[in-house]
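Structural overview for review
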Amino acid sequence: MILRFYLRNRKLSLLNLRCSFTITSKLSSSSNQNQIVYQGLLAKKIKVIKWFSLSTSAISLMAQPIIYLKAQELGSSLFAAGFMSMLSLIVFPTPLLLNLVTKRYVNQLDYDPEHKLYTAHTLNILNRPVKTIFKPSDLEVLTPSKIFANVLVNKGVELFLELKDINNAEALENLLPKDMQDEAKFESFEQNEFNNNNHFNKR
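Residues numbered from 1 in each chain as written. Predicted model: local features only at pLDDT ≥ 70, side-chain atom pairs only at ≥ 80, totals over all residues. Heavy atoms only, no water.

1. Side note on the pairing of strand β4 (residues 129–134)
The condition is simple: For two strands to count as paired, DSSP must find a minimum of two bridges between them. Helix and strand assignments follow DSSP, with helices taken as H or I runs no shorter than four residues and strands as E runs no shorter than two, numbered in order from the N terminus.
Pairing between strand β3 (residues 117–123) and β4: 6 bridges, direction antiparallel. Across the sheet, residue T122 finds its bridge partner in β4, namely V130.

Next comes the structure, spelled out in structure tokens:
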């Protein structure tokens, strides 16, 4: 009886292991279907600047008691309070302003050719990645473009995406109408010609 019970449990554990392996392999293959078709030229710079701004604000917050005591030594409590208020106005709004400017900037665009889905990667105020998944039918090109956004997805999410820099022809064709595809390709061609001429002139 003990041997039979052991063998039965052994079969069940092997079956569970096989099922979990199958599910994991399906999930990994599904995630590997995404192709990177666009990477923002300013993505790395924006991430570094936001990290610097956040770290500066955090250090200033932790150092405030010390700065307040030092300011008191140099003057009155009123002077110290005024100095701390001025410092707070300079340091702490900076991450908020940076996020206001950069939160719509698409750092990376992934394309799933099987399901015809796109995933736009942006950054939140804490410099953490935010994914926005949309279909071609959910995208609307803003005409005229706004200052920090040129496309609208999912009926309300504004993004800034350089359409001419999408490096996959299939992804571009599925995403945009024919006339906009030609315009994006023409802008890309002009940019490449401009870069090549600059490179030739430097040489």
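2. Structural notes on the sheet that holds β3
Worth spelling out the cut-off: With axes taken as lines fitted to C-alpha atoms, and helix axes fitted only over the stretch in contact, angles between N-to-C directions fall between 0 and 180 degrees.
Read from one edge to the other, the open sheet built from 4 strands follows the order β1-β2-β3-β4, with strand pairing classed as antiparallel. Each edge of the open sheet carries a strand with a single partner, namely β1 (35–39) and β4. Neighbour-to-neighbour, the strand axes of this sheet turn through a mean angle of 25°, independent of strand direction. Across 5 bridges, the pairing between strand β2 (residues 108–112) and β3 is antiparallel. When the sheet's bridge partners are listed, Q108 is paired in β3 with H121.

3. Side note on the packing of helix α2 (residues 43–74) against helix α4 (residues 93–102)
Note the following rule: Any angle from 65 to 115 degrees is called roughly perpendicular, while one under 35 is roughly parallel, one over 145 is roughly antiparallel, and all others are oblique. Should the near helix be turned anticlockwise from the far one by less than a right angle, the crossing is termed left-handed; should it be turned clockwise, right-handed. Contacts were defined at the residue level, with two residues in contact if any of their heavy atoms lie within 4.5 Å. For this classification, Asp, Glu, Lys and Arg are treated as charged, while Ala, Val, Leu, Ile, Met, Phe, Trp, Tyr, Cys and Pro are nonpolar and the rest, including Gly, are polar.
Where α2 contacts α4, the two axes come as close as 9 Å, and the packing angle between them is 160°. In this view, α2 runs roughly antiparallel relative to α4, as classed from their interaxial angle. Read as a crossing pair, α2 and α4 show a hand that is left-handed. Across from I46, I49, K50, S53, L54 and S57 in α2, the residues of α4 making contact are T94, P95, L98, N99 and T102. The residue makeup of the contact of α2 with α4, split by class, is 5 nonpolar, 5 polar and 1 charged.

4. Topic: the sheet that holds strand β6 (residues 151–153)
Across the sheet, 3 strands lie side by side as β5-β6-β7; this open sheet has antiparallel pairing. Two strands close off the open sheet at either side, each with one partner strand: β5 (139–141) and β7 (157–159). Going across the sheet, the axis of each strand differs from the next one's by a mean of 25°, ignoring polarity. Summarising the sheet, β5 and β6 pair through 3 bridges and their orientation is antiparallel. What sits directly across from L139, in β6, is V153.

5. Focus: unusual backbone geometry
Rules: To sort residues, take the accessible area from a 1.4 Å probe on protein chains only and compare it with the maximum for the residue type: under 20% means buried, over 50% means exposed, and anything in between is partly exposed.
Put simply, T143 and P144 share a cis peptide bond, and its omega is -5°. Position of P144 relative to the elements: it lies in the loop between β5 and β6. The backbone of K116 sits at a positive phi, close to 55°, despite the residue not being glycine. Counting through the fold element by element, K116 comes out in the loop between β2 and β3. Residue class for K116 comes out partly exposed when judged on its relative accessible area of 35%.

6. So, α2
What counts is decided by this rule: How far a helix is expected to stretch is found by multiplying one less than its residue total by 1.5 Å. Bend is the name given here to the angle between axes fitted to two runs of seven residues, the run ending at a residue and the run starting at it.
Taking 1.5 Å per residue as the helical rise, α2 with its 32 residues ought to reach 46 Å, and the 43 Å between its terminal C-alpha atoms agrees with that figure. In the structure, α2 departs most strongly from a straight axis at A63, where the bend amounts to approximately 50° and where the proline P65 lies between one and four residues downstream. Turning to α2, its buried residues number three or more, namely A43, I46, K50, S53, L54, S57, S60 and A71.

7. A short note on the pattern of salt bridges
Note the cut-off: What makes a salt bridge here is a side-chain nitrogen of Lys or Arg within 4 Å of a carboxyl oxygen of Asp or Glu, nothing more.
With the rule as written, the count across this model stands at 4 salt bridges. Across the pair R104 and E158 runs a salt bridge, and its minimum N-O distance is 3.2 Å. Within this pair, whereas R104 is found in the loop between α4 and β2, its partner E158 is found in strand β7, the two being separated by 54 residues in sequence. With relative accessibility at 22%, the residue E158 sits in the partly exposed group. Notably, a salt bridge pairs K116 with E170, separated by 3.4 Å at the nearest N-O pair. Here K116, found in the loop between β2 and β3, pairs with E170, found in helix α5 (residues 169–175); they are 54 residues apart in sequence, far enough to count as distant.

8. Topic: the side chain of N99
Note that N99 resides in helix α4. Contacts of N99, omitting those with residues within four sequence positions, involve K50, L123, N124 and I125.

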